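# Residue-level structure breakdown
Here are the chains, one letter per residue:
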Amino acid sequence: FKMQEIFDDLKAVGNAASAPISIQQAADLIFDKSDGKFICTALIMVEMESWYRKDVSWADFCCQLLNLPKGLDDCYEKAFNKFIGSNQEYACSFLLLMVGCKELLTQRTVKDLLGIHSQHKTLFTNLVESSVTLFPLVGGEENVARFVPFH
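Residues numbered from 1 in each chain as written. Predicted model: local features only at pLDDT ≥ 70, side-chain atom pairs only at ≥ 80, totals over all residues. Heavy atoms only, no water.

Take the packing of helix 5 (residues 72-86) against helix 8 (residues 121-131) next. At a minimum axis distance of 9 Å, the contact between helix 5 and helix 8 shows a crossing angle of 175 degrees. Judged by the inter-axis angle, helix 5 sits roughly antiparallel to helix 8. From helix 5, K82, F83 and S86 reach across to helix 8, where they touch N126, L127, S130 and S131. Residue composition of the contact of helix 5 with helix 8, by class: 2 nonpolar, 4 polar and 1 charged. (Axes fitted to C-alpha atoms, helices over the stretch in contact; angles between N-to-C directions. Helix = DSSP H or I, 4+ residues; strand = E, 2+ residues; numbered from the N terminus. Parallel < 35°, antiparallel > 145°, perpendicular 65-115°, else oblique. Contact = heavy atoms within 4.5 Å. Nonpolar A, V, L, I, M, F, W, Y, C, P; charged D, E, K, R; others polar.)

Moving on, we come to helix 3 (residues 38-51). Here helix 3 contains 14 residues, and its C-alpha end-to-end distance of 21 Å stays within 8% of the 20 Å for a straight helix at 1.5 Å per residue. Listing the buried residues of helix 3 in full gives C40, T41, L43, I44, M45, M48 and W51. (Expected span 1.5 Å × (residues − 1). Buried < 20%, exposed > 50% of the residue type's maximum accessible area, 1.4 Å probe, protein only.)

Our next topic: the side chain of S131. Mapped onto the elements, S131 comes out in helix 8. Excluding anything up to four places from it in sequence, S131 contacts F83, F94 and F147.

Inspection of the secondary structure assignment puts C40 in helix 3. Under the relative-accessibility criterion, C40 is labelled buried at 0%. As a C-alpha pair, C40 and K54 span 14 residues in sequence and 24 Å in three-dimensional space.

Next up on the list: the confidence of the model for the protein chain. Averaged over every residue, the pLDDT of the protein chain is 77; the share at 70 or more is 91%. Across the protein chain, the element-wise mean pLDDT spans from 75 in helix 1 (residues 3-17) up to 86 in helix 7 (residues 107-114). (pLDDT = per-residue confidence, 0-100.)

Listed below in C-alpha cells is the structure:
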C-alpha cells in the first residue's frame, strides 16, 4: 500500500480543480491503489469520512490527508485504539470473543456473552460502531445482523 503515492494523486486531482476532490473520487482512487488491501482501504475511508466536508478548504484537505494512516500497520493501530477506547473492559472481551469464535455471531448473542444488558444500549452501540471496520456486520436488523469473526 503506497500511501505517499495516494496522497500525491489525491493532491494532483485536487490541484487540477483547485479544490478538494469528492469523497467518491477519493474512494475510487484509494481503492484503485490499494493493491487488494480492502480492509486498509475501508479503514482509510472511515477515517476520511470522519473529517471530510464539501466545504472543506483545499489547505485543510491537504493537512487532513497527512493525518491518514500511512499503511496497513498504521490502519490497524488506529482502528484498534479507537475500538479499545470505546470501552476498555468490554472491548477486550469482545476482541477475545471475535478472535476465538468459529461462526458468525448475532448482536444479541454477543450482548449475552459479554453480559451487556438492555440498560447499556449506548455502551453496546458505541462498541459496535467502533468495531465495524475490524469485525463487519452482515445481515440486516439489529438482532439478526451477525459479526464476521476475525480469521
